[in-house]
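The primary structure of each chain is shown beneath.
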Amino acid sequence: MKCTVVETHPPAKLNLYLELLGKRADGYHDLETVMIAIGHRDRLRVTRTEHSSISLECRWSPSVAVWRQRLPSAAPDTFSLPPAAQNLVTRALERFRSAFGVGGGFRVELDKRIPAGAGMGGASSDAASALLAAAALCGVEPNDPRLLEIAADLGSDVPFFLRPRAEAVADRATAADEGAAAGECGRSTSMALAAGRGERLTALIAAPKLHFVVIYPPEPLSTPRVFSHCQVPADPQSAAGWTLPLGGKDRREIPPLFNRLSEPAREISGWIEKALRALEGVGLRGATMTGSGSACFALADSARAARRAAALLSARRTGLCFAAVPASLPATIRTMT
């Protein structure tokens, strides 16, 4: 019997390093960034249908009411979702159907746990997982180069979530902290250096066991707006330290976390500085912003310390706070019975 329904849990990402190298003729910036997937996930279920339409039901999980309770000072439009036709998942499936000449359509259910306007790659991860889900449903090999071509056209971060990386085995106990639903136990973590506008990827051996605490302030940030305020430095910081094998190093020996975009983000939103100070105030290390914001994160020394810090920050109403560990890529596609 042919598979008609699959489910997957697209992971978020954090930028451990991000530097601007120059402005491109196409309006984008040349940059270098080190990304790592984390086990804070959306849920995506894709059903193949006989109809030619692509339908998408997207909702906040567990509910928009819970999100409003967690972020009471957020503006109402913080929780608005784009129309289905504009969602990157819909666009990914349309491109897939055209590239592979498959008939019929898809019905998609998307439960969002990764915040929007956070710099955590939620939309990109969802799109990459949608491509892999469609491939599984239509008998397309997951390493088909056409999938990567579609991913690169959809957005700079999408290829990162699509391709497997050079990996180091994750600690089983650490992986279990993020929950068995994502199937992380015993699997490996994924990290990559991205260049160009983010689409040129170099696999990196994953850093040692890491524990993150993430804050999503009650204000999303627009990526184009942040980039419009940025300045390319005359003397960019080097990514060289991140390209060395990190697997045998102590957590304290990894290169400093850094994000050039945090400077313009601070100018746009006062929440960035508040979030960074809050992370430092509970004893975490290397507080920085991910992507173009508004989410910020820092390193904890253990899973217990990360959970304790996240609980403290949540009690102080700093924003949406959670502990996270590295996750594996690509997201596992599961057949539903």
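Anything mentioned here points back to the structure above.
Note that the coordinates shown come from a computational prediction; the quantities given were computed from them, not determined experimentally.

Each value, and the rule that gives it
- Every chain begins its residue count from 1, and numbering advances along the sequence as written.
- Where totals are concerned, whole chains, interfaces and linings use all residues; where local detail is concerned, this predicted model gives features only for residues with pLDDT of at least 70, and gives and counts side-chain atom pairs only at 80 or more.
- Computation of side-chain values covers all heavy atoms of the structure but excludes hydrogens and water.
- By the criteria applied, helices consist of DSSP H or I runs no shorter than four residues and strands consist of E runs no shorter than two, each listed in order from the N terminus.
- Throughout this description, buried means an accessible area under 20% of the type-specific maximum (1.4 Å probe, protein chains only), exposed means over 50%, and partly exposed covers the range between.
- Counted as a polar contact is a pair of N or O atoms within 3.5 Å, where, for protein atoms, one must be capable of donating a hydrogen and the other of accepting one, and residues adjacent in sequence contribute only when both atoms are in side chains.
- It only takes one pair of heavy atoms within 4.5 Å for two residues to be counted as in contact.
- Pairing of aromatic rings covers Phe, Tyr and Trp, the last through its six-membered ring, and needs centres within 6.5 Å; plane angles under 30 degrees mean stacked, over 60 mean edge-to-face, and all others mean tilted.
- Look at NZ for Lys and CZ for Arg. If either is within 6 Å of the ring centre and within 35 degrees of the ring normal, a charge sits over the ring.
- Two strands pair under a simple rule: DSSP has to find at least two bridges between them.
- Where helices are involved, their axes are fitted lines through C-alpha atoms of the stretch in contact, as for all axes, and angles between N-to-C directions lie from 0 to 180°.
- As defined here, a cavity is a set of points on a 1 Å grid over the protein atoms alone where a 1.4 Å probe fits but cannot get out. A pocket is an open set with protein on both sides within 12 Å along at least five of seven lines, and residues line them when an atom is within 4 Å of a point.
- Grid points are joined across faces, edges and corners, and a volume is the space filled by probe spheres set on the points.
- The classification used treats Ala, Val, Leu, Ile, Met, Phe, Trp, Tyr, Cys and Pro as nonpolar, Asp, Glu, Lys and Arg as charged, and all other residues, Gly among them, as polar.
- For this classification, under 35 degrees means roughly parallel, over 145 means roughly antiparallel, 65 to 115 means roughly perpendicular, and everything else is oblique.
- The handedness criterion is simple: a crossing whose near helix is rotated anticlockwise from the far helix by less than a right angle is left-handed, and one whose near helix is rotated clockwise is right-handed.
- Take a side-chain nitrogen of Lys or Arg and a carboxyl oxygen of Asp or Glu: if they are within 4 Å of each other, that pair is a salt bridge.

J.: Would you mind going over the side chain of Ser-294 in detail, with residue names and values included?
T.: Its location among the elements puts Ser-294 in the loop between strand E11 (285-289) and strand E12 (296-300). Residue classification places Ser-294 among the buried residues on the basis of a relative accessible area of 0%. Side-chain polar atoms of Ser-294 contact the backbone oxygen of Glu-219, separated by 2.7 Å. If sequence neighbours within four positions are ignored, Ser-294 has contacts with Gly-117, Ala-118, Gly-119, Ile-215, Tyr-216, Pro-217, Glu-219, Pro-220, Leu-221 and Ile-272.

J.: Before we move on, could you go through the packing of aromatic side chains and cite the residues and values that matter?
T.: Enumeration over the complete set of coordinates arrives at seven aromatic pairs. The interplanar angle of 70 degrees and the centroid separation of 6.4 Å between the aromatic rings of Trp-67 and Phe-79 together place this pair among those described as edge-to-face. Of this pair, Trp-67 sits in helix H1 (residues 64-70) while Phe-79 sits in the loop between H1 and helix H2 (88-100); the two residues are 12 residues apart in sequence, bridging distant segments of the chain. The exposure classification of Trp-67 matches that of Phe-79, with both residues buried. An aromatic cluster of at least three residues, connected via ring pairs, comprises Trp-60, Trp-67 and Phe-79. For the cation-ring pair, Lys-274 lies above Trp-271, with the distance from its terminal atom to the ring centre recorded as 4.4 Å.

J.: Summarise the sheet that holds strand E1 (residues 5-8); cite the residues concerned and give the values.
T.: Strand order in the open sheet formed by five strands is E5-E6-E4-E1-E14, with mixed pairing between adjacent strands. Each edge of the open sheet is held by one strand with a lone partner, namely strand E5 (54-60) and strand E14 (334-335). Of the strand pairs in this sheet, E1 and strand E4 (residues 43-49) are connected by four bridges, and their pairing is antiparallel. Pairing of Glu-7 across the sheet is with Arg-45, part of E4. Lying over the sheet, H2 contacts E5 and strand E6 (105-112), oriented at roughly 155 degrees with respect to E6. Along the sheet, helix H3 (residues 122-138) contacts E1, E4 and E6; its crossing angle with E4, the most-contacted strand, is approximately 35 degrees.

J.: Outline the sheet that holds E12, supporting the account with residue identities and numerical values.
T.: Spatially, the four strands line up as an open sheet ordered E11-E12-E9-E13, and their pairing is antiparallel. The open sheet is flanked by E11 and strand E13 (320-324), the only strands paired with a single partner. Across this sheet, the average inter-strand angle for adjacent strands is 20 degrees, counted without regard to direction. Bridge analysis of strand E9 (residues 211-216) against E12 gives five bridges, and the strand direction is antiparallel. Note on E12: the bridge partner recorded for Ile-215 is Cys-296. Its contacts with the sheet place helix H10 (residues 303-315) against E9, E12 and E13, and it is angled at close to 15 degrees to E9.

J.: Describe in detail the layout of surface pockets, supporting the description with residues and values.
T.: Considered as a void within the structure, the second largest pocket measures approximately 220 Å³ in volume. What lines the second largest pocket is a set of 15 residues, and nearest its centre among them are Leu-132, Pro-142, Asn-143, Leu-162 and Pro-330. Put simply, the parts of the chain that give the lining of the second largest pocket at least two residues each are H3 and helix H4 (145-154). Counting residues per element, the lining of the second largest pocket draws most heavily on H3, at three residues. The residue inventory of the lining of the second largest pocket, partitioned by class, reads 12 nonpolar, one polar and two charged.

J.: Outline the packing of H3 against H4, supporting the account with residue identities and numerical values.
T.: Closest axis-to-axis distance for the H3/H4 pair is 10 Å, and the angle between their directions is 155 degrees. The orientation of H3 relative to H4 falls into the category roughly antiparallel. Here the hand of the crossing between H3 and H4 comes out right-handed. Touching Ala-127, Leu-131 and Ala-135 of H3 are Leu-147, Ile-150, Ala-151 and Leu-154, all from H4. The residue makeup of the contact of H3 with H4, split by class, is seven nonpolar, no polar and no charged.

J.: Requested: an account of the pattern of salt bridges, with residues and values cited.
T.: Side chains that differ in charge, positive against negative, can pair when their charged atoms come close. Summed over the entire model, instances satisfying the criterion amount to 17 salt bridges. For Arg-59, the salt bridge identified is with Glu-109, shortest N-O distance 3.4 Å. With Arg-59 in strand E5 and Glu-109 in strand E6, the pair connects residues that are 50 residues apart, well separated along the chain. Of the residues examined, Arg-59 reaches a relative accessible area of 28% and is grouped as partly exposed. Sharing partners across several salt bridges, the network here consists of Glu-7, Arg-43, Arg-45, Glu-57, Arg-59, Glu-109 and Asp-111.

Any functional reading would require information beyond the geometric quantities listed.
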